[in-house]
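An overview of the molecular structure
Below, each chain spelled out in residue letters.
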Amino acid sequence: MTAAPTIAEEILELKRERRAIILAHHYQDAEIQEIADFTGDSLELARAARDTEGDVIAFCGVWFMAETAKVLSPNRIVIVPDRNASCSLVEGCPVEPIREYRRRNPDHVIVSYINTSIEVKAESDLLCTSRNAVNIVNSIPADKTVLFLPDRNLGNYVKRQTGRENLKIWQGSCIVHNTFPVRRLLEAKTAHPEAIVVAHPECPEAVLDHSDFIGSTSAIVDYVAAHAGREFIVMTESGVGFSLERVAPTSRFYYVANENCNCSECPFMRLNTLEKLRDSLQTLEPRVELSADLIARALLPLERMLAVK
Ligand code: 13P
Ligand code: SF4
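Fair warning: this is a prediction, and the values are worked out from it, not measured in the lab.

About the thresholds
- Residues numbered from 1 in each chain as written.
- Chains lettered and ligands numbered in written order.
- Predicted model: local features only at pLDDT ≥ 70, side-chain atom pairs only at ≥ 80, totals over all residues.
- Heavy atoms only, no water.
- Near = heavy atom within 4 Å.
- Nonpolar A, V, L, I, M, F, W, Y, C, P; charged D, E, K, R; others polar.
- Pairing = 2+ DSSP bridges.
- Helix = DSSP H or I, 4+ residues; strand = E, 2+ residues; numbered from the N terminus.
- Right-handed = clockwise from strand over helix to strand, strands pointing away.
- Polar contact = N/O pair within 3.5 Å; in protein donor to acceptor, adjacent residues only side chain to side chain.
- Areas by Shrake-Rupley, 256 points an atom, 1.4 Å probe, with all protein chains shown as cover.
- 1 Å grid on protein atoms, 1.4 Å probe; cavity = no way out; pocket = protein on both sides within 12 Å on 5 of 7 lines; lining within 4 Å.
- Sits in = over half its atoms within 2 Å of the grid points.
- Points joined across faces, edges and corners; volume = space filled by probe spheres on them.

In the vicinity of ligand 2, the residues found are Y27, V62, C87, S88, L89, N115, C174, V176, H177, E202, C266 and F268. Within the shell around ligand 2, the residues separate by chemical class into 8 nonpolar, 3 polar and 1 charged.

Here is the structure:
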């Protein structure tokens, strides 16, 4: 008698049948990252969506990332294991006030973090990710007023890095990073005085002030790889641990719990599971469906971003 296939085997079989590629963000559960064709940060995943082939993109991340993939690959089917995998930054930045801002300030440049809805992207002049936000803002003529949205911590970080005074910042925040208390980081530093602190720029300024390295999730993974063997205090979502342990297997990693869940997990990312991935490959749902008009309008700022190094 042959054993029933495991969920992972079912996924691999469906992947072949559907001519699907599985893209996973660093924050996904280890078992999802293990089965993915490509794991990366938001920028790398957008590029992978654009540059890979196949009929279906199974996007294991949050919905806005899958919408970005659809804009870049409009002829492919893009699915996400759980339709409710949203993001507090998206939820906190509705499109109406952005349209109103644009009407009132037609000469301002709107730079949207990729963690926004497709409707907000369509109202934007440029997009950015945590990896390229400083370069994107530096690419805008100095005399232009910029509205940066929606993450206030990333916006303040960009403002400090660029020295740009005429940068207005939307006051959104990430429920995971914004609630890391500096007090707990200082306690971790006392407990592990040799550890290097690596942080995502969505953390508050007080946390970033006590960090040794600030970067996107993949930038953090690359930095840890270059310092393998050292100890690290990690100020980002703990799913990144899978990639960190892969590139630095002898290192020790310490995660600081935030005040929101007393953990460092993104509840939206955690909604995706291996079972739901299998089901979505079977049914090709939940599927990202966008109008041609929305795709065309969001593509412009997205392509401008991808053109900036
Ligand atoms: P990265 O682009 O650095 O992967 O960040 C995505 C994100 O949602 C961080 O919370
Ligand atoms: Fe959004 Fe924060 Fe989750 Fe990233 S970690 S997807 S910014 S809620």
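Take the pairing of strand β12 (residues 252-255) next. Pairing of strand β11 (residues 231-235) with β12, which is carried by 4 bridges, proceeds in the parallel orientation. By the bridge assignment, V234 is partnered in β12 with Y255. Note that the unit made of β11, helix α13 (residues 241-247) and β12 has a crossover that is right-handed.

Quick look at the site of ligand 1 now. For ligand 1, the full set of nearby residues is H25, Y27, D41, S42, N115, S130, H177, H200, E202, S216 and T217. Here H25 contributes a side-chain N or O atom positioned 2.6 Å from an oxygen atom of ligand 1. Between S130 and ligand 1, the recorded distance is 2.8 Å, taken from a side-chain N or O atom to an oxygen atom. In isolation ligand 1 exposes 310 Å². Once the protein is present, 96% of that is buried. Most atoms of ligand 1, that is more than half of them, are within 2 Å of grid points of the largest cavity. For the shell around ligand 1, the residue count by class is 1 nonpolar, 8 polar and 2 charged.

Now for empty space enclosed by the protein. Taken as a whole and judged by the stated rule, the model has 2 cavities of 30 Å³ or more. Taken as a whole, the largest cavity holds about 250 Å³ of empty space. In terms of lining, the largest cavity is formed by 26 residues, of which the most central are Y27, M65, N115, E202 and M269. Breaking the lining of the largest cavity down by element, the ones donating at least two residues are α4 (63-72) and α5 (88-91). Of the residues belonging to the lining of the largest cavity, the class tally is 13 nonpolar, 10 polar and 3 charged. Reported here for the second largest cavity is a volume of approximately 30 Å³. Residue lining of the second largest cavity: S42, L45, A46, F59, M65, T68 and I114, and that is the complete set. At the level of elements, α3 (42-51) and α4 are the ones that each hand at least two residues to the lining of the second largest cavity. The dominant element in the lining of the second largest cavity, judged by the number of residues it contributes, is α3, at 3 residues.

As far as function goes, none of this settles anything; it's purely spatial.
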